[in-house]
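Fold and contact review
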Amino acid sequence: MTDKVKNSFDASYPQPVEWARELLSGAKNVFVFTGAGISAESGIPTYRGAGKGFWDGLRVADWATPQGFARNPEGVWDWYCRRRVQLGSVRPNPGHEALAQLQRRIAGSGGSFTLATQNIDGLHQTAGTENVLELHGSLLAVRCSDCSYAETVGPVALDSPACPECGSRLRPDVVWFGEMLPQDTWRAAEQAASECDLLLVVGTSAVVYPAAGLIETALAGGARSIEVNPEPNGFSGLMNVSIRGKSGEVLPQLLGYR
Ligand code: BJW
């Protein structure tokens, strides 16, 4: 692979998709970091963005913080139940599927592939990606507010939120603002980001920390970088290649699966 790496806005360089393909073909350790945008074409709204984020007009502090849950446990529980049930009718899209195939291709050629997602919808796993690092937990699981009890429940509504082990209140197994990320998952993601030679960032506004810091970790380690997003984020200027488009269309094209 050529030593020259330039931003895709450089007119003397190939089209972003071709250039990104070249970076990918020379990569041995790939780290993929995804956000809500990859599931948008599956019908799950993103969090942010005027007129298109499902948090538009919602007081986040009421729904996605431990304090909000403490004030209104039943309302918050029901809100998450409704969102969990909706997951029963969504399917992975070609973007999720292309990444699952990329993992198989890289594993088959002796390389390493790690996917860390901020998403809580389980669609990477349904598409076939293995060992997904769920940085913000899972909407398909619940856990106890007090003890270590946790359970995967699938896309169902539960009306009895008492822990079967200690009787305390169950809660969604997601990470709310002000809460620590699951530490083993976080450590694994940091290690993979620091060791990768290719970073692929898909469908995130990259404003939520510490997750977004994985981008900085990978870049600080010298990784080449590709982003796929219809819109720029705060890290776009640092990427080697920025592909402006929907991940369900771009990823199959980029990865050669369509
Ligand atoms: C497409 C597309 C298509 C559209 N194709 N793309 C440092 C600095 C400042 C603040 C902090 C900091 N460190 C910590 C903080 C506080 C806070 C934070 O980051 N706040 C910022 C928002 C200011 N972080 C935390 O509180 C975290 N915990 C923590 O730091 O603990 C440390 C600690 C704790 C206690 C004591 C001491 C220290 C926890 C963060 C938890 C985030 N949880 C949520 C909610 C999950 C549950 C739920 O769903 O209800 O996770 S927030 C929400 O945002 C969700 C997401 O995973 C996360 C990221 O969003 P994402 O994925 O980027 O989505 P969007 O909507 O923002 O962007 C979508 C993108 O897709 C856009 O770019 C579109 O263009 C694109 N797109 N269509 C491709 N078709």
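In case you missed it, the structure is sitting above this.
We now turn to the structure provided with this report. Since the structure is predicted, the reported quantities are computational estimates derived from the model, not experimental observations.

Another aspect to go through is the state of the cysteines. Counted under the stated rule, the structure contains zero disulfides. The thiol sulfur of Cys81 is not disulfide-bonded, and the nearest other cysteine sulfur, from Cys144, lies at 16 Å. Between Cys166, a cysteine without a disulfide, and Cys144, which holds the nearest cysteine sulfur, the sulfur-to-sulfur distance is 3.5 Å.

All right, on to the site of the ligand then. Surveying the vicinity of the ligand reveals 34 residues, the closest of which are Tyr47, Arg48, Tyr80, Thr204 and Ser205. Val175 places a main-chain nitrogen or oxygen 2.9 Å from a nitrogen atom of the ligand. Between Ser205 and the ligand, the recorded distance is 2.5 Å, taken from a side-chain N or O atom to an oxygen atom. Burial of the ligand by the protein amounts to 75% of the accessible area it has alone, namely 1,500 Å². Because more than half of its atoms lie within 2 Å of the grid, the ligand is assigned to the largest pocket. Residues that form the shell around the ligand fall into these classes: 17 nonpolar, 11 polar and six charged.

A few words on the layout of surface pockets. Roughly 910 Å³ of volume is contained in the largest pocket. Partitioning the lining of the largest pocket into residue classes produces 19 nonpolar, 15 polar and seven charged. Considering only enclosed or pocket space, the second largest pocket measures out at about 270 Å³ in volume. Ile44, Pro45, Phe54, Arg83 and Leu87 are, among the 16 residues lining the second largest pocket, the residues nearest its centre. When residues in the lining of the second largest pocket are grouped by element, the largest group, three residues, is from helix H4 (residues 73–86). Grouping the amino acids of the lining of the second largest pocket by side-chain chemistry returns 10 nonpolar, four polar and two charged.

Attention now moves to the sheet that holds strand E5 (residues 150–152). Strand order in the open sheet formed by three strands is E5-E4-E6, and the pairing between neighbours is antiparallel. Each edge of the open sheet is held by one strand with a lone partner, namely E5 and strand E6 (170–174). The mean inter-strand angle of the sheet, taken between neighbouring strand axes irrespective of direction, is 35°. Bridge count between strand E4 (residues 137–144) and E5: three bridges; the pairing is antiparallel.

Quick notes on the rules
- Residues numbered from 1 in each chain as written.
- Predicted model: local features only at pLDDT ≥ 70, side-chain atom pairs only at ≥ 80, totals over all residues.
- Heavy atoms only, no water.
- Disulfide = S-S within 2.5 Å.
- Near = heavy atom within 4 Å.
- Polar contact = N/O pair within 3.5 Å; in protein donor to acceptor, adjacent residues only side chain to side chain.
- Areas by Shrake-Rupley, 256 points an atom, 1.4 Å probe, with all protein chains shown as cover.
- 1 Å grid on protein atoms, 1.4 Å probe; cavity = no way out; pocket = protein on both sides within 12 Å on 5 of 7 lines; lining within 4 Å.
- Sits in = over half its atoms within 2 Å of the grid points.
- Nonpolar A, V, L, I, M, F, W, Y, C, P; charged D, E, K, R; others polar.
- Points joined across faces, edges and corners; volume = space filled by probe spheres on them.
- Helix = DSSP H or I, 4+ residues; strand = E, 2+ residues; numbered from the N terminus.
- Pairing = 2+ DSSP bridges.
- Axes fitted to C-alpha atoms, helices over the stretch in contact; angles between N-to-C directions.

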